[in-house]
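# An overview of the molecular structure
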Amino acid sequence: MSAPVIEVRDLRKVYGSGDTAVHALRGLDLTVARGEYLAIMGTSGSGKSTLLNILGCLDAPSSGNYLLDGIDTAEFGEAQLGLLRNRKIGFVFQSFNLIPRTTALANVELPLVYAGVRRKQRRARALAALQMVGLVDRAGHRPNELSGGQQQRVAIARALVTAPAIVLADEPTGNLDTRSSEDVMAILDRLHATGRTVVLITHEDDVAAHAQRVVRVVDGRIATGVAA
Ligand SMILES: Nc1ncnc2c1ncn2[C@@H]1O[C@H](COP(=O)(O)OP(=O)(O)O)[C@@H](O)[C@H]1O
Ligand SMILES: [Mg+2]
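Everything numeric in this text was worked out from a predicted model, so none of it was measured. (Residues numbered from 1 in each chain as written. Chains lettered and ligands numbered in written order. Predicted model: local features only at pLDDT ≥ 70, side-chain atom pairs only at ≥ 80, totals over all residues. Heavy atoms only, no water.)

The environment of ligand 1 is made up of Y15, V22, A24, T43, S44, G45, S46, G47, K48, S49 and T50. At 2.7 Å from an oxygen atom of ligand 1 is found a main-chain nitrogen or oxygen belonging to G45. Measuring from an oxygen atom of ligand 1, one finds a backbone N or O atom of S46 at 3.2 Å. When isolated, ligand 1 has an accessible area of 560 Å², and the protein chains bury 58% of it. Listed by contribution, the elements that provide at least two residues to the shell around ligand 1 are β2 (22–33) and α1 (48–55). Sort the elements by how many residues they give to the shell around ligand 1 and α1 lands first, with three residues. Considering only residue class, the shell around ligand 1 consists of three nonpolar, seven polar and one charged. (Near = heavy atom within 4 Å. Polar contact = N/O pair within 3.5 Å; in protein donor to acceptor, adjacent residues only side chain to side chain. Areas by Shrake-Rupley, 256 points an atom, 1.4 Å probe, with all protein chains shown as cover. Helix = DSSP H or I, 4+ residues; strand = E, 2+ residues; numbered from the N terminus. Nonpolar A, V, L, I, M, F, W, Y, C, P; charged D, E, K, R; others polar.)

Structure below.
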């Protein structure tokens, strides 16, 4: 087996302190192989989003190790983590998180702006990403001119425009109807089929069934010994 792309050991995350401290992750271990398709399930409040935010370098753990591509992320500062995230990770949120007052194309181009890609190449790559999710003809539309399913597909185009090795999705179908959910899952399946590591959080069994492996988070740890 190839070296794991994600390796997490004894991960802990505490929000706040003292009497009001919330222990969101309590010594979580997880290994994800390169190219794997993993679903994370668990009840609300069990720590799933906290975990995914750390995996996506959007947040740092309170303690424990997170090795991304064999590199200990604790050695990185804020700016370097931002670079790592931009280069390796595409993130998809339940609530799409598109910028409202700008076009689909501009939303998809944004990560390339941060990456310093020139305008002409930016445009070409953003259009290719929109093509991949079947929305080139909506490139000039703003988010409020698109359906929820279309907005999520734009968000996926934005996540994949940098050609990340890892796609992380936090309940990507949570706000979508059945038909749009199927469209989104078909795209994630394709991303996996073309070699990407996909980690997705979901409440729904039929969504989790797309993954090769399902783990369950219970009270800030991966449940062991039970079928998920
Ligand atoms: N920014 C935050 N500040 C304080 N508590 C938080 C914060 N984010 C999450 N929590 C708490 O951490 C626990 C785990 O939350 P979360 O990771 O969002 O769970 P899940 O995604 O599984 O529903 C919950 O008790 C939640 O209220
Ligand atoms: Mg969550």
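Before going further, it helps to spend a moment on the sheet that holds strand β4 (residues 63–68). Sheet architecture is open: four strands sit in the order β2-β1-β4-β5, paired in antiparallel fashion. The open sheet has two edge strands with one neighbour each: β2 and β5 (71–72). Of the strand pairs in this sheet, strand β1 (residues 4–15) and β4 are connected by five bridges, and their pairing is antiparallel. From the neighbouring strand, R12 faces β4, where its bridge partner is S63. Most of the contacts of α1 go to β1, to which it runs at about 125°, and overall it touches β1, β2 and β4. (Pairing = 2+ DSSP bridges. Contact = heavy atoms within 4.5 Å. Axes fitted to C-alpha atoms, helices over the stretch in contact; angles between N-to-C directions.)

Tallied over the entire structure, the rule returns ten salt bridges. The salt bridge involving R12 is made with D10; its shortest N-O contact spans 3.0 Å. For R12, a relative accessible area of 35% corresponds to the partly exposed category. Using a relative accessible area of 38% as the deciding quantity, one classes D10 as partly exposed. With its nearest N and O atoms 3.8 Å apart, the salt bridge here joins R179 to D183. In this pair, R179 and D183 both sit in helix α6 (residues 178–193), four residues apart, roughly one turn of the helix. Residue classification places R179 among the exposed residues on the basis of a relative accessible area of 59%. When salt bridges that share partners are traced, they join R34, D69 and K88 into one network. (Salt bridge = Lys/Arg side-chain N within 4 Å of Asp/Glu carboxyl O. Buried < 20%, exposed > 50% of the residue type's maximum accessible area, 1.4 Å probe, protein only.)

With 13 residues, helix α5 (residues 148–160) extends 18 Å between its outermost C-alpha atoms, agreeing within 8% with the 18 Å of an ideal straight helix rising 1.5 Å per residue. With twelve of 13 residues buried, α5 lies mostly within the body of the structure. Buried residues belonging to α5 abut β6 (89–92), α3 (104–114), α4 (119–132) and α6. (Expected span 1.5 Å × (residues − 1).)

Taken together, the two bridges between β4 and β5 define a ladder with antiparallel strand orientation. Looking at the pairing, L67 lines up with D72 of β5. If you look at the hairpin formed by β4 and β5, you'll find two residues sitting between the two strands, and D69 has a positive phi there, around 55°.

This part takes up the packing of aromatic side chains. Applying the stated criterion to the full structure yields one aromatic pair. Geometrically, the ring pair formed by F91 and F93 is stacked, given 4.7 Å between the ring centres and 25° between the ring planes. (Phe/Tyr/Trp six-rings, centres within 6.5 Å; stacked < 30°, edge-to-face > 60°.)

With respect to the secondary-structure elements, K88 resides in helix α2 (residues 78–88). The contacts of K88, once residues within four sequence positions are left out, are L68, D69, P164, A165 and I166.

Moving on: the packing of α3 against α4. Taken N-terminus to C-terminus, the directions of α3 and α4 make an angle of 125°; their axes are 9 Å apart at the nearest point. Between α3 and α4, the angle is such that the two are oblique. Pair α3 / α4 crosses with right-handed handedness. On α4, the residues that touch L105, V108, E109, L112 and V113 of α3 are R122, R123, R125, A126, L127, A129 and L130. (Parallel < 35°, antiparallel > 145°, perpendicular 65-115°, else oblique. Left-handed = near helix turned anticlockwise from the far one by under 90°.)

Remember that the coordinates give geometry; whether it matters functionally is a separate question.
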